[in-house]
Amino acid sequence: MSEEYVQGNFLGLPEKGGQVDVAILQLPYELTTSYRQGTAGGPASCITASAQVELFDASLGEDLPAGAALFTAPEWDAEGNSLAEQLDNMSGYLRPWYAGDCFPLILGGEHGILPPLVYAAQHHPLVGENLERLTVVQIDAHADLREQLDGEPYSHACAASRSLDLGIGQLVQIGIRAYSKQEAEYIEKDQRVTTFFAHDTQSPSHGEAAWLSCLDALRNLTGPVHLTIDIDGLDGSIVPATGTPVPGGLSFWRAAETIEAVFSAPNATVISADVNEIVAQEDTPLTQFTAAMVAAKVIAMQLKARKEGRWQAMAAQAGKQRLAEPCDYFRTQIKTEIQKETV
Ligand SMILES: [Mn+2]
């Protein structure tokens, strides 16, 4: 714990005036989590649990924040009367954080935050309004490649397929172990999707070779990357309160190695990350603490990438106060889909 612990700030770290190098943005969004509810309180519980995370990261070789300015923004206020309006509001809220001057780390909230996040990320200078340039690396138990779940195409179970619909160039999935036949066929068929299944990487007999080839693939990524970490990608035993905990997942160290590999890729730039499906566990804070450790690892590796020249600010510091941009993409989209169905 830092000596001047500040309540409500990630890791309790004090802020540095108006400067923002890493922005911690909380999206307590919950609409479609299927098995268990509680993602709305997740981000705040993760901030609270982060008080117990050690500031020293061995790979960074320093205590966080290592001279950088962390800013924990007030929670997104979850406004919007419909699903489409909420998605638009989230996207509009995130967009100014993609100016290229800082690194946004988003805490969720259910995985349904991914499509509005990707829509906002297209405005990052390295993406330049062309989502084909963007690679999404997804840690998850689920493929999230469904067409719809219970009739809802923007369900958390469709987060990856909707992101592909938005036009991202590449999707790399890690930890996947719960998926449908239709999703398996999608993975087979769509050239943009590379999946490292848990039955390979976590296999007691051949897991090590599969894991090393996964890390290799990550280090060979090129261009802008968004890292989306559904905490249910980690083994259910360390995130038991998340919406749908699944056995057979990544150990904490495999999640950490994934983060290290993505950030160390010499020809890629990680432009943002999210840690989602965080749920406050009540008997012990294990789930939110695991999420906080994962988020702290992301920050440590971002600062290391900065130090080693793999991340540079591409715009002047825009400070803490950022006005949401109007966005009506999802309202237009969802209307169009409803019209299509009724025709
Ligand atoms: Mn997911």
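Look up: the structure comes first, before these words.
All values derive from a computational prediction rather than experimental measurement.

### Points about the sheet that holds strand E10 (residues 268-276)
For step 1, the next point in the chain: The eight strands are arranged E4-E1-E5-E10-E9-E6-E7-E8 in an open sheet whose pairing can be described as parallel. Both outer strands of the open sheet, strand E4 (70-72) and strand E8 (193-197), are each paired with one neighbouring strand and no more. The sheet shows a mean angle of 15° between the axes of neighbouring strands, taken without regard to direction.
For step 2, the next point in the chain: Pairing of strand E6 (residues 135-139) with strand E7 (residues 170-176) involves five bridges; the strand directions are parallel. The residue bridging valine 137 from the neighbouring strand is valine 172, located in E7.
For step 3, the next point in the chain: Strand contacts of helix H9 (residues 286-307): strand E1 (22-27), strand E5 (103-108), strand E9 (223-230) and E10, with the helix running at about 165° to E10, the strand carrying the most contacts.

### Digging into the nonpolar core
For step 1, the next point in the chain: Leu105, Val262 and Ala295 are the most contacted members of the largest nonpolar core, which totals 103 residues.
For step 2, the next point in the chain: Ignoring any residue separated from it by four or fewer positions in sequence, one finds valine 262 in contact with Val137, Leu218, Leu221, Val225, Leu227 and Val270.

### Some remarks on unusual backbone geometry
For step 1, the next point in the chain: At the junction of leucine 64 and proline 65, the peptide bond is cis and its omega measures out at 10° in the coordinates.
For step 2, the next point in the chain: Position of proline 65 among the secondary structure elements: in the loop between strand E3 (62-63) and E4.
For step 3, the next point in the chain: Although it is not a glycine, alanine 66 sits at a positive phi angle of roughly 50°.
For step 4, the next point in the chain: Positive phi, close to 50°, is recorded for aspartate 150, a residue that is not glycine.
For step 5, the next point in the chain: Topologically, aspartate 150 is positioned in the loop between E6 and helix H4 (159-166).
For step 6, the next point in the chain: Look at aspartate 150 and you get exposed, because 8 C-beta atoms sit within 10 Å.

### Details of helix H3 (residues 114-121)
For step 1, the next point in the chain: Buried residues dominate H3, accounting for eight of its eight residues.
For step 2, the next point in the chain: Of the positions making up H3, those classed as buried are Leu114, Pro115, Pro116, Leu117, Val118, Tyr119, Ala120 and Ala121.

Here is what the cut-offs are and how they apply
Residues numbered from 1 in each chain as written. Predicted model: local features only at pLDDT ≥ 70, side-chain atom pairs only at ≥ 80, totals over all residues. Pairing = 2+ DSSP bridges. Helix = DSSP H or I, 4+ residues; strand = E, 2+ residues; numbered from the N terminus. Axes fitted to C-alpha atoms, helices over the stretch in contact; angles between N-to-C directions. Contact = placed C-beta atoms within 7 Å. Core = buried A, V, L, I, M, F, W, Y, C linked by C-beta atoms within 7 Å. Buried ≥ 20, exposed ≤ 12 C-beta atoms within 10 Å, placed from the backbone.

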